[in-house]
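Spelled out, the chains give:
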Amino acid sequence: QVQLVESGGGLVQAGGSLRLSCATSRSDLSFDAMGWYRQAPGKQRELVASVTNGSTTNYVDSVKGRFTISRGNAKNTVYLQMNSLKAEDTGVYYCHARRYYIAYWGQGTQVTVSS
């Protein structure tokens with residue numbers, strides 16, 4: 001059983017910053033890729049950023065230059081540094097991890113950006 005635990009969400013004013021953290025419950029396992037998705041009210045869940053085991057990163061166009069994804073020294077952690085936040089970044093952010101063909105999800109953390 002693998003669990004993902006997120007932290008770092010909250011309320012911030014436009015232009016501010018937040019840092020999201022995610023750790024899996026199995027530090028003995030390595031994951032092929034980890035990332036962050038978000039879901040805004042009334043919208044579909046979308047990929048925000050991802051990073052592979054080989055450190056290849058991918059970002060949705062709307063966050064390029066503002067968000068940075070990184071993996072910790074421990075293979076089971078991933079972070080999302082969010083700068084210059086905008087109201088449209090508001091949503092529930094979900095941590096995602098993939099090991100072989102199996103995907104794991106966190107419970108989600110709310111990010112609210114006030115304009």
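What counts, and at which threshold
Residues numbered from 1 in each chain as written. Predicted model: local features only at pLDDT ≥ 70, side-chain atom pairs only at ≥ 80, totals over all residues. Heavy atoms only, no water. Core = buried A, V, L, I, M, F, W, Y, C linked by side-chain atoms within 4.5 Å. Buried < 20%, exposed > 50% of the residue type's maximum accessible area, 1.4 Å probe, protein only. Helix = DSSP H or I, 4+ residues; strand = E, 2+ residues; numbered from the N terminus. Contact = heavy atoms within 4.5 Å. Salt bridge = Lys/Arg side-chain N within 4 Å of Asp/Glu carboxyl O. Phe/Tyr/Trp six-rings, centres within 6.5 Å; stacked < 30°, edge-to-face > 60°. Lys NZ or Arg CZ within 6 Å of the ring centre and 35° of its normal. Lys, Arg positive; Asp, Glu negative; His and termini not counted. Polar contact = N/O pair within 3.5 Å; in protein donor to acceptor, adjacent residues only side chain to side chain.

(A) Layout of the nonpolar core. Counting residues in each nonpolar core, the largest one holds 27 residues, and the members touching the most others are Trp 36, Phe 67, Ile 69, Val 78, Leu 80, Met 82 and Tyr 93. Mapped by element, the contributors of at least two residues to this core are strand S3 (18–24), strand S4 (33–39), strand S5 (46–52), strand S7 (67–71), strand S8 (77–82), strand S9 (91–99) and strand S11 (109–114). Apart from the residues within four sequence positions on either side, Tyr 93 is in contact with Glu 6, Leu 20, Trp 36, Tyr 37, Arg 38, Val 48, Phe 67, Leu 80, Met 82, Gly 108, Thr 109 and Val 111.

(B) Representation of the pattern of salt bridges. Counted under the stated rule, the structure contains 6 salt bridges. The partner of Arg 98 in a salt bridge is Asp 32, and the shortest N-O contact between them spans 3.9 Å. Pair noted here: Arg 98 is in strand S9 and Asp 32 is in the loop between S3 and S4, with a separation of 66 residues, a long-range link. On the basis of relative accessibility, which here comes to 28%, the residue Asp 32 falls in the partly exposed class. Here the residues in one salt-bridge network are Arg 38, Glu 46, Arg 66 and Asp 89, joined through shared partners.

(C) View of unusual backbone geometry. One non-glycine residue, Ser 55, lies in the positive phi region at around 70°. Relative to the assigned elements, Ser 55 resides in the loop between S5 and strand S6 (57–59).

(D) Region of interest: the packing of aromatic side chains. Tallied over the full model, the rule gives 2 aromatic pairs. Aromatic side chains Phe 31 and Tyr 104 sit 6.1 Å apart centroid to centroid with 90° between the ring planes, which places their arrangement in the edge-to-face category. Of this pair, Phe 31 sits in the loop between S3 and S4 while Tyr 104 sits in strand S10 (residues 102–105); the two residues are 73 residues apart in sequence, bridging distant segments of the chain. No difference in accessibility class separates Phe 31 from Tyr 104, as the two residues are buried. Ring geometry for Tyr 37 against Trp 105: centres 4.9 Å apart, planes inclined by 65°, an arrangement best described as edge-to-face. Within this pair, whereas Tyr 37 is found in strand S4, its partner Trp 105 is found in strand S10, the two being separated by 68 residues in sequence. Classification of Tyr 37 by relative accessible area gives partly exposed; the value is 21%. Positioned above the aromatic ring of Tyr 94 is the side chain of Arg 45, whose terminal nitrogen or guanidinium carbon lies 3.7 Å from the ring centre.

(E) Looking closely at the side chain of Arg 71. Tracing the sequence through the fold places Arg 71 in strand S7. In this structure, Arg 71 is buried with no salt-bridge partner, the nearest side chain bearing the opposite charge being Asp 32 at 7.6 Å. One polar contact links the side chain of Arg 71 to the main-chain carbonyl oxygen of Phe 31, over a distance of 3.3 Å. A polar contact of 3.4 Å, which involves the side chain of Arg 71, links it to the side chain of Asn 53. The contacts of Arg 71, once residues within four sequence positions are left out, are Phe 31, Asp 32, Ala 33, Met 34, Val 51, Thr 52, Asn 53, Thr 77, Val 78 and Tyr 79.

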